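# Geometric and topological summary
The primary structure of each chain is shown beneath.
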Amino acid sequence: MNIVDLSRSAHGGLRIAADRIEATAAAQHLIPIVVSEFRKAAIQYPIVFAKNPETGRFAPYVLTGLTPEENLFWTGTELDVAYVPLNVRRQPFYVGGESALCVDLDSPCLDEAGTKLLVNADGSDSAHLQSVLAVLGELVAGRAPTEQFIASLLALDLLAPMLLDIVLDDGTPLKIQGLYGLDEDRFRQLPANELSGLWSGGRLDLIYAVLLAGGQIFNLIRLKNRRIALGRAWHGND
Amino acid sequence: MVSPVRSICIVGGGTAGWLTAGIIAARHRTDLQITLIESETIGIVGVGEGTWPTMRTTLKKIGISETEFFRQCNTSFKQGAKFARWTTGEPSDFYYHPLVLPEGFPSLDLAPFWTKYSEEHAQAPSFSNAVCYQEAVCELGLAPKLITSPEYAGIANYAYHLDAGRFASFIREHCVANLGVRHVVDEVTGVGRTEGGDIAYVETARSGRLSGDLFVDCSGFRALLLGQALEVPFVDCSDVLFIDRALAVQVPHENEQSNITPYTVSTAQKNGWVWDIGLQSRRGVGYVFSSKHTTTDAALGELRAYVGQEHDHLQPREIKITPGHRETFWKGNCVAVGLSGGFLEPLEASALVLIELSAEMISGLMPATRETMDIVARRFNETTRYRWDRIIDFLKLHYILSRRTDSAFWIDNRDPASIPASLREQMELWRYRAPGDQDFMSNSEMFPAASYQYVLFGMGFRMQTRGAGLERDPGSAQRAFAQNEALKVKWTRLLPKNRDLIDRIKEHGLQRI
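Scoring rules and cut-offs
- Residues numbered from 1 in each chain as written.
- Chains lettered and ligands numbered in written order.
- Predicted model: local features only at pLDDT ≥ 70, side-chain atom pairs only at ≥ 80, totals over all residues.
- Heavy atoms only, no water.
- pLDDT = per-residue confidence, 0-100.
- Helix = DSSP H or I, 4+ residues; strand = E, 2+ residues; numbered from the N terminus.
- Buried < 20%, exposed > 50% of the residue type's maximum accessible area, 1.4 Å probe, protein only.
- Contact = heavy atoms within 4.5 Å.
- Buried area = accessible area lost by both parts, 1.4 Å probe.
- Salt bridge = Lys/Arg side-chain N within 4 Å of Asp/Glu carboxyl O.
- Nonpolar A, V, L, I, M, F, W, Y, C, P; charged D, E, K, R; others polar.
- Pairing = 2+ DSSP bridges.
- Axes fitted to C-alpha atoms, helices over the stretch in contact; angles between N-to-C directions.
- Core = buried A, V, L, I, M, F, W, Y, C linked by side-chain atoms within 4.5 Å.
- Phe/Tyr/Trp six-rings, centres within 6.5 Å; stacked < 30°, edge-to-face > 60°.
- Lys NZ or Arg CZ within 6 Å of the ring centre and 35° of its normal.
- Parallel < 35°, antiparallel > 145°, perpendicular 65-115°, else oblique.

### Thoughts on the confidence of the model for chain B
Overall, the prediction assigns chain B a mean pLDDT of 95, with 99% of residues at 70 or greater. Among the scores for the predicted complex, ipTM is 0.85 and pTM is 0.93.

Structure, rendered in structure tokens:
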């Protein structure tokens, strides 16, 4: 990683290889999201909570694999998904301190042969850069409401360690640790005044999105089983 | 007619008073009224700065956030003790008493396997290094957990170092704000008795008479109730444990970024030993010595040599201690917790853990009536006496294994007449087999058999391995030694520096789950 402030004059010649953006998520089993993405994410992925390894603070993520560094949606060329999280789409750009736009100069998405320009011939931002700025804007705007959502879950004691104990088709047992989910029993027992508080704060929708997205775990298991079966066929073991 | 127990009056507000209030209130706040009376003029002794891992459960149970505890009590992590120069006195002489049990213990006992290996190999690793990964973690100055570990959960077992003064006021705030403990700031001027000899009330300077059905004496060395009023005699243990003076001093860290040592260092000196406890903002250092073997001036010289010339301006505080304990701890309707019950040198941090265990036992056995109180008192006395005796044995163990000959202090400590019979018996048995759970069958044990192993083998004790069952399952021992090596590699790579984790906890907090 070599993240520097983006200068439209100094970095004006950079080109983005658009087909490599999704590849940055090829080896990620957790991708952080913000609350504005919950509904869209829920149609594709389980939404889980995990701790930031630097701060220990909780954040929401979509689960894309069943072991570390595994993304079951990665086909080898693209993510086979209906919704690509903002944190993938923004690559290789970041928001630095004081909201400065930054770029990772080491990113494989930067390539002289790339198809997307950053700056138009007249010096204005390219359509691609404008869309990246919109994505980053949504991420920045989503930070505070996401933290508030987590805080209200913690205040109501609604997060609990998630125990995923899966046996794959070939008999391999799989245990996933370090993930947290909604404590559905506690949620069902919340008194009416707490529920009404969640509803008026717009957080009830988010909770239901997380609960419904939980079912997507079956899709991940299906993809994992398929991957194993394909691997066996490839090795001629089947 | 029965007299129900409805109110508890705790006299004294140091660590003992407030921890006792918290522990009892956590269970009994709805059925008992708990009052704590604390003097404005009498300070706390506050040398108890090292805990056992039990403190994690205690704090959790009374509803305290571990994050807040780190933020407010100058707290740091403790992963056991490093004993330097205890065996031979050479500068390179040290061993660890870590808090993580030996790999596989107690179902697997690696001690005979290690003993045989080290007889056959000159360069064999130390016992604690061979069977436990924590020494490696400590030597690198690492913390026992990660910022993603929940509150009170560890990767390696851990305890705390804390600032006793801040700790007492931290627990006080919690007790008063959240646990309904009534706090009276006043001076006790007298003690009123009933016809039956119980304590009826304590007379105060401004608040009148404070009565109670049960009184807890947390008044420190003075033992205002149990010692002065009820005249329970003191059992002097200085014939076994010679330490009777402490010189305590607070030493600043080299700079704000200096790592904090994640274990207690205990360095043997000519006539005692020096404790060294790293807190966030300073170190607590003290020389405990025997006044029968040296003078305060000479001890001061040794302490100054230990802390270094740059700290010559610091003025150590002298504390006189009489090693020992009360003959009984609960008499009538009065029970002593903390220094009023007794005091021993802080070699294995037994002061705070005894407070926790005593308060826990009082809370658990809380008599419903005055009539049943004597039964509870008898049980409490039996258990507490047993605990003191085990602590005395374990402390003495450190001295009898020393081979130092540089002073009468060390030589006198090995005089068989100064060794309790219970310890002498154990030592006879351990010549032929390692300490095991079969040696510690009571429900009131203080130290696990593993602790005895760490001290015995750490100090070069040799046992005969013939008949130790080495041939029974050598494979599982091999696997356990290999597993320990794997854990060492893993955790020395993943655990953060002690200071780094404490800084992160203060900034971000630990999660409760």
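Structure's up, so let's keep going.
### Some thoughts on the environment of Arg403 of chain B
Residues and elements named next belong to chain B. Tracing the backbone through its elements, the reader meets Arg403 in the loop between α11 (370–400) and α12 (408–413). By relative accessible area, Arg403 is classed as partly exposed at 48%. Taking the C-alpha atoms as reference, Arg403 lies 8.1 Å from Gly89; in sequence the two are 314 residues apart. Each residue touching Arg403, except ones within four places of it in the same chain, is listed here: Trp86, Thr87, Thr88, Arg414, Met459 and Gly460.

### Remarks on the interface of chain A and chain B
Between chain A and chain B, the residue contacts involve 13 residues of the former and eleven residues of the latter. Summed over both partners, the interface of chain A with chain B buries about 990 Å², with 47% contributed by carbon and sulfur atoms. The partner of Asp157 of chain A in a salt bridge is Arg512 of chain B, and the shortest N-O contact between them spans 3.9 Å. Its residues assigned to classes, the side of chain A that touches chain B shows six nonpolar, three polar and four charged.

### Details of the sheet that holds strand β18 (residues 324–326) of chain B
Residue and element names in this part refer to chain B. Reading across from one edge, β12-β18-β21 is the order of the three strands in this open sheet, with antiparallel pairing throughout. Looking at strand neighbours, the two that pair on one side only are β12 (234–236) and β21 (342–343), the edges of this open sheet. Packed on one face of the sheet, α11 meets β18 and β21 and runs near 175° to β18.

### Observations regarding the nonpolar core
Membership of the largest hydrophobic core comes to 133 residues, with the highest contact counts inside it found for Leu59, Trp86, Ile171 and Leu397 of chain B. Sort the elements by how many residues they give to this core and α11 of chain B lands first, with twelve residues. Counting residues in each nonpolar core, the second largest holds 71 residues, with Leu30, Val84, Leu190 and Leu220 of chain A among its members.

### With respect to the packing of aromatic side chains
Here the distance between the centres and the angle between the planes together describe a pair of aromatic rings. Residues and elements named next belong to chain B. Following the criterion strictly, the structure yields 37 aromatic pairs over all chains and no others. Judged by centre distance (5.0 Å) and plane angle (15°), the rings of Phe83 and Tyr95 are stacked. Placement of the pair is Phe83 in strand β4 (residues 80–84) and Tyr95 in strand β5 (residues 94–98), with a sequence separation of twelve residues. Across the pair, exposure class does not vary: Phe83 and Tyr95 are buried alike. Taking the centre distance of 5.8 Å and the plane angle of 80° together, the rings of Phe221 and Phe343 count as edge-to-face. One end of the pair, Phe221, is in the loop between β11 (214–217) and α8 (224–229); the other, Phe343, is in strand β21, and 122 residues separate them in sequence. With relative accessibility at 33%, the residue Phe221 sits in the partly exposed group. The class of Phe343 is buried, set by a relative accessible area of 9%. Through pairs of rings, three or more aromatic residues link up here, namely Phe83, Trp86, Tyr95, Phe242, Trp273, Tyr399, Phe409 and Trp410. Lying over the aromatic face of Phe94, Lys82 brings its terminal NZ or CZ to 4.4 Å of the ring centre.

### Here we look at the packing of helix α5 (residues 192–200) of chain A against helix α6 (residues 203–213) of chain A
Residues and elements named next belong to chain A. Contact geometry for α5 and α6: axes closest at 5 Å, N-to-C directions at 95°. On the basis of the axis angle, α5 is roughly perpendicular to α6. Mapping the contact onto sequence places Leu195, Leu198 and Trp199 in α5 and Arg203, Leu204 and Ile207 in α6. In terms of residue class, the contact of α5 with α6 is built from five nonpolar, no polar and one charged.

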